[in-house]
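Structural overview
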Amino acid sequence: MTARPRVLLLVPARTYRAADFILAAERMGLDLVVASDGALPLGRTVIPARSADLDASARRILALAGAVDAVVAADTPMLVLAATVAAKLGLPHNPVGAVRAALDKAAQRQRWAAAGVPQPSFRLVPAGDCVRQAAAAVGFPCVVKAVSLSASQGVLRADDPAAAVEAARRIRQVLDEAERPASEPLLVEEYLPGPELSIDGVLTAGDLTVTAVFDKPGTPDGPTFEETLLVTPSRLAAGTLAAAVRVAADAARALGLVTGPVHAELRICDRGPAMLELAPRSIGGLCSRALRFPGGASLEEIVLANALGRPVPAAAGPARPSGVFMLPVPRPGILRAVEGRDGALAVPGVTGLTITIPLGQRVRPLPDGDRYLGFVFAEADTPAGVEHALTAAVARLRVVIQ
């Protein structure tokens, strides 16, 4: 009997993604070894691994995991450790330096600038310096960003010098609460108006295969930039989409990424597609549950197949138009209830609703917070039908925050 392929899955304690990856591995008949920095309720032995203690964690994993055929990080905090372990095992992996650059918005911008990848103009502001000069250089409105955070945390639009200074103050406070180094710079970049989209795909020997392209109807103009509505397939013109995919592929190549999933965010401005950000992972949160590919495969199955060197059966994209509405936190306080769930689920086309923050917990909206209340999923015959179903469902929800 042929041995089942063995995959090492690195799971941060705080992630939405663990259960979906484990289910995908079970569906594929894989032998899964899990390493994590927390006590996960997975019903299996977990190898202790801390991304902050890279060398010791890598040694522990190498000693305890045994032979594996692939190494996969379930979410962002484990990406560098996964690349480190895969390199030591001689398995396909992204260079550690490329992963680090992809996780640093300043390094991204600098590498893309050197490679001529279309992107907003930008300036880096060292810790302790005022953002006024940088903001004036890129022009108003501008966007002030933390370089190490994700999910739109620590990102604010500023329309004038005073707003830029206030944005920097607030973002420094967010960084302090997130226990980031006080020496971390801020990024000030040009605000690009225009439609926003995200591109998900997997890299094989540096070549990008697109798995899904999401439009983002109703993308906020600021001051915060929470993602809410994502719909696939995109309704943008074929030529515009092809150009966006080329830009995303060039961006991944400029960072030095060669294998595994990528999630790219772009805006279509008057200059054409421009890169906002790119992460060496698949789409975050529970958003992947909006996607089902021909044959019923999930996005996690495609990521695992790619890690094992198998062909990616996703070139045709998802089987049906689908989407997700990420429920933002509307205001700070204690979450007491999310009412109207039955009504939301009764909307034709809605396939699921998951609230991910337990009642009784304190919540904070962006740019200070880093979590969404939950996710609503829908399918329909057309992207417009998906958008209608999601917006109708969300309109029936009432979030009670004390």
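For the structure given in this document, a descriptive report is provided here.

The rules behind each value
Residues numbered from 1 in each chain as written. Predicted model: local features only at pLDDT ≥ 70, side-chain atom pairs only at ≥ 80, totals over all residues. Heavy atoms only, no water. Pairing = 2+ DSSP bridges. Helix = DSSP H or I, 4+ residues; strand = E, 2+ residues; numbered from the N terminus. Axes fitted to C-alpha atoms, helices over the stretch in contact; angles between N-to-C directions. Contact = heavy atoms within 4.5 Å. Buried < 20%, exposed > 50% of the residue type's maximum accessible area, 1.4 Å probe, protein only.

1. Let's talk about the sheet that holds strand 2 (residues 31-36)
Here we have four strands laid out as an open sheet, ordered 3-2-1-4, and parallel in their pairing. Both edges of this open sheet fall to strand 3 (46-48) and strand 4 (70-73), since each of them pairs with a single strand only. Direction aside, the axes of adjacent strands within the sheet are offset by 25 degrees on average. In this structure, strand 2 lies alongside strand 3, joined through three bridges in parallel fashion. Paired with Val 34 across the bridge in strand 3 is Val 46. Contacting strand 1 (6-11) and strand 4, helix 3 (residues 79-89) crosses the sheet at an angle of about 170 degrees to strand 4.

2. As for the sheet that holds strand 17 (residues 362-363)
Taken in spatial order, the three strands of this open sheet run 17-15-19, and their pairing is antiparallel. The outermost strands of the open sheet, each flanked by one partner alone, are strand 17 and strand 19 (398-401). In the sheet, strand 15 (residues 333-339) pairs with strand 19 via four bridges, with the strands oriented antiparallel. Across the sheet, Glu 339 pairs through a bridge with Arg 398, a residue of strand 19.

3. Structural notes on helix 2 (residues 54-64)
Of the positions making up helix 2, those classed as buried are Leu 54, Ala 56, Ser 57, Ala 58 and Ile 61. Close packing links the buried residues of helix 2 with strand 1, strand 2, strand 3, helix 3 and helix 4 (96-102). Phi turns positive one or two residues past the end of helix 2, at Gly 66, with a value near 75 degrees.

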